[in-house]
Amino acid sequence: MARSPSSPRARLAPSPTGVLHLGNARSFVLAWLAARSEGAWLQLRIEDLDGPRVRAGATESILEDFAWLGLDWDSGPLTQADRVDEFQTVLDQLHQQGQAYPCICSRRDIEQAASAPHAGEEGLIYPGTCRGRFATLAQAQAASTDGRVAWRFAVPPGQTVSWIDEVAGPQSYLPSSQLGDFVIWKKDAEPAYQLAVVVDDIAAGINQVLRGDDLLPSTARQLLLYEALGHAPPRWLHVPLVVGTDGRRLAKRHGDTSLRHLRACGVSASQVLCWIARVSGIGVEEQPQSARALLPGFDLAALPRQAVVWHGPQDLDS
Ligand code: GLU
């Protein structure tokens, strides 16, 4: 579809923490198809703020895989590590608004907190120990054993966050009890994912986000940030993940499904694209040589709403 000034704005936002495998490759191809099928402007953003998890060479490898699949974009790659000043400005704003506070708790402190911390979907929920505890950052630094502090977003008590996800359907969270005050700036002086993603999406005017449904709880947090920053959120499309026959998210235990490995074994981009098409309700007539060949058959309504099961390399043959 041709682009017009009112066309959506979307992004591909890989984290260079490892190589692309069939699971995240499928999500990126779907994000690309959803964007291109609506004539969207597309940005490539490298989410390289994940400190020790960032792997040397991962960005290059992801770009090579994107090219292999025929994914393109209109702007970027933008790297988040270059934008720390912008994230700092927004952190300061949230602090001034009384919506962010310094936190000196270690993981151990949280585990041992008197008010028996409870586990949420994604691990421990922060019990709020440092909320309202320090009048200034200097006070928090002085109280911290190593002088380091993190910043947390003060989740409004009792506020429900609901939205209609265009793939996952209606969603509702009570962040104060299900998620807790979340980190927006890490102790190692790096902006945290939740803050960086919202600041970057707002800066680029992103209004369509397609990504894996493991990020649904993050979306509830990000919606609170959009509200705090006074911006309208994007349309959300969270797609089910690829899982192994054990029902668990695709990982090393299911064999090496990295595109790099498959390519080295002689698997063609066409085979991978055929598999993506088959498990995503996309009809294709010929052997697709690039993601563009999947565009005519792409229909969001036909996208399966349940996890895709990967049985093994034989899935690429059928
Ligand atoms: N960087 C994340 C990933 O590679 C995606 C984050 C997002 O789309 O907001 O899983």
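Bear in mind that the values here come from a model prediction, so they are computed numbers and not experimental data.

## Re the overall build of the protein chain
Alright, step 1. Helix and strand counts for the protein chain stand at 10 helices and 14 strands.
Alright, step 2. The C-alpha radius of gyration computed for the protein chain amounts to 21 Å, which stays within 12% of the reference 20 Å derived for 318 residues, consistent with globular compactness.
Alright, step 3. A buried classification covers 49% of the 318 residues belonging to the protein chain.
Alright, step 4. For the protein chain, long-range pairs separated by at least 24 residues make up 77% of all intrachain contacts whose partners lie at least 6 apart in sequence.
Alright, step 5. Counting every atom, the protein chain has about 14,400 Å² of accessible surface; 51% of that belongs to carbon and sulfur.
Alright, step 6. Distance from the positive charge centre (29 side chains) to the negative charge centre (35 side chains) of the protein chain: 4 Å.

## Focus: the site of the ligand
Alright, step 1. Around the ligand lies a shell formed by Arg11, Ala13, Pro14, Ser15, Glu47, Tyr193, Val197, Arg211 and Leu215.
Alright, step 2. Between the ligand and the protein, one listed contact pairs a nitrogen atom with a backbone N or O atom of Ala13 at 2.7 Å.
Alright, step 3. In this structure, an oxygen atom belonging to the ligand sits 2.8 Å away from a side-chain N or O atom of Tyr193.
Alright, step 4. Residues that form the shell around the ligand fall into these classes: 5 nonpolar, 1 polar and 3 charged.

## Points about the sheet that holds strand S10 (residues 183–185)
Alright, step 1. Sheet architecture is open: 3 strands sit in the order S4-S7-S10, paired in antiparallel fashion. Of all the strands in the sheet, just strand S4 (100–103) and S10 have a single pairing partner and so form its edges. This sheet shows a mean twist of 45° between the axes of neighbouring strands, independent of strand direction.
Alright, step 2. The sheet contact formed by S4 and strand S7 (residues 150–153) spans 4 bridges and is antiparallel. Within the sheet, the bridge partner assigned to Tyr101 lies in S7 and is Arg152.

## Looking at the environment of Gly147
Alright, step 1. Tracing the backbone shows Gly147 in the loop between helix H5 (137–143) and S7.
Alright, step 2. Between the C-alpha atom of Gly147 and that of Lys187, which follows or precedes it by 40 residues, the distance is 9.5 Å.

## Notes on the packing of helix H3 (residues 84–96) against helix H7 (residues 193–203)
Alright, step 1. Taken N-terminus to C-terminus, the directions of H3 and H7 make an angle of 105°; their axes are 10 Å apart at the nearest point. By the angle between their axes, H3 is roughly perpendicular relative to H7. Residue-level contacts link Phe87, Val90, Leu91 and Leu94 of H3 to Leu195, Ala196, Val199 and Asp200 of H7.
Alright, step 2. Tallied by class, residues from the contact of H3 with H7 come to 7 nonpolar, no polar and 1 charged.

## Describing helix H1 (residues 22–37)
Alright, step 1. Given a rise of 1.5 Å per residue, 16 residues ought to cover 22 Å, and the 22 Å separating the end C-alpha atoms of H1 matches this to within 8%.
Alright, step 2. Once H1 ends, the next one or two residues include Gly39, with phi positive near 70°.

## Here we look at the nonpolar core
Alright, step 1. Among the nonpolar cores identified, the biggest contains 48 residues, and Leu33, Leu69, Leu259 and Trp275 are the most heavily contacted of them.
Alright, step 2. Of all the secondary-structure elements, those providing two or more residues to this core are strand S1 (9–12), H1, strand S2 (41–46), helix H2 (58–69), strand S12 (235–239), helix H9 (259–264) and helix H10 (269–278).
Alright, step 3. With 10 residues, the top contributor of residues to this core is H1.
Alright, step 4. By size, the runner-up hydrophobic cluster in this structure holds 45 residues, among which are Phe87, Ala140, Val197 and Leu224.

## Thoughts on the side chain of Asp165
Alright, step 1. If you trace the backbone, Asp165 turns up in strand S8 (residues 161–165).
Alright, step 2. Of the side chains bearing the opposite charge, Arg211 lies closest to the buried Asp165, which forms no salt bridge; the N-O distance is 7.4 Å.
Alright, step 3. A polar side-chain atom of Asp165 sits 3.5 Å from a polar atom in the side chain of Trp163.
Alright, step 4. Of the polar contacts made by the side chain of Asp165, one reaches the side chain of His238; its length is 2.5 Å.
Alright, step 5. In contact with Asp165, other than residues within four places in its own chain, are Pro170, Gln171, Leu216, Trp236, Leu237 and His238.

## So, the environment of Val242
Alright, step 1. By the element assignment, Val242 lies in strand S13 (residues 242–243).
Alright, step 2. Remark: the alpha-carbon pair of Val242 and Trp310, spanning 68 residues in sequence, is separated by 6.6 Å.
Alright, step 3. If we skip the residues at most four places from it in the chain, Val242 touches Gly23, Arg26, Arg249, Leu250, Trp275, Val308 and Trp310.

## Focus on the pattern of salt bridges
Alright, step 1. Summed over the entire model, instances satisfying the criterion amount to 20 salt bridges.
Alright, step 2. A salt bridge links Arg11 to Asp201; its shortest N-O distance comes to 3.0 Å. Of this pair, Arg11 sits in strand S1 while Asp201 sits in helix H7, and the two are 190 residues apart along the sequence.
Alright, step 3. Overall, Arg11 belongs to the buried group, its relative accessible area being 6%.
Alright, step 4. The partner of Arg36 in a salt bridge is Asp74, with the nearest N and O atoms 3.0 Å apart. Remark: Asp74 occurs in the loop between H2 and strand S3 (75–79) and Arg36 occurs in helix H1; sequence separation between them is 38 residues.
Alright, step 5. Put simply, Arg11, Arg45, Glu47, Arg83, Glu86, Asp200 and Asp201 are held in one network by salt bridges that share partners.

Conventions we followed
Residues numbered from 1 in each chain as written. Predicted model: local features only at pLDDT ≥ 70, side-chain atom pairs only at ≥ 80, totals over all residues. Heavy atoms only, no water. Helix = DSSP H or I, 4+ residues; strand = E, 2+ residues; numbered from the N terminus. Rg over C-alpha atoms; globule rule 2.2 N^0.38 Å. Buried < 20%, exposed > 50% of the residue type's maximum accessible area, 1.4 Å probe, protein only. Contact = heavy atoms within 4.5 Å. Areas by Shrake-Rupley, 256 points an atom, 1.4 Å probe, with all protein chains shown as cover. Lys, Arg positive; Asp, Glu negative; His and termini not counted. Charge placed at Lys NZ, Arg CZ, Asp CG, Glu CD. Near = heavy atom within 4 Å. Polar contact = N/O pair within 3.5 Å; in protein donor to acceptor, adjacent residues only side chain to side chain. Nonpolar A, V, L, I, M, F, W, Y, C, P; charged D, E, K, R; others polar. Pairing = 2+ DSSP bridges. Axes fitted to C-alpha atoms, helices over the stretch in contact; angles between N-to-C directions. Parallel < 35°, antiparallel > 145°, perpendicular 65-115°, else oblique. Expected span 1.5 Å × (residues − 1). Core = buried A, V, L, I, M, F, W, Y, C linked by side-chain atoms within 4.5 Å. Salt bridge = Lys/Arg side-chain N within 4 Å of Asp/Glu carboxyl O.

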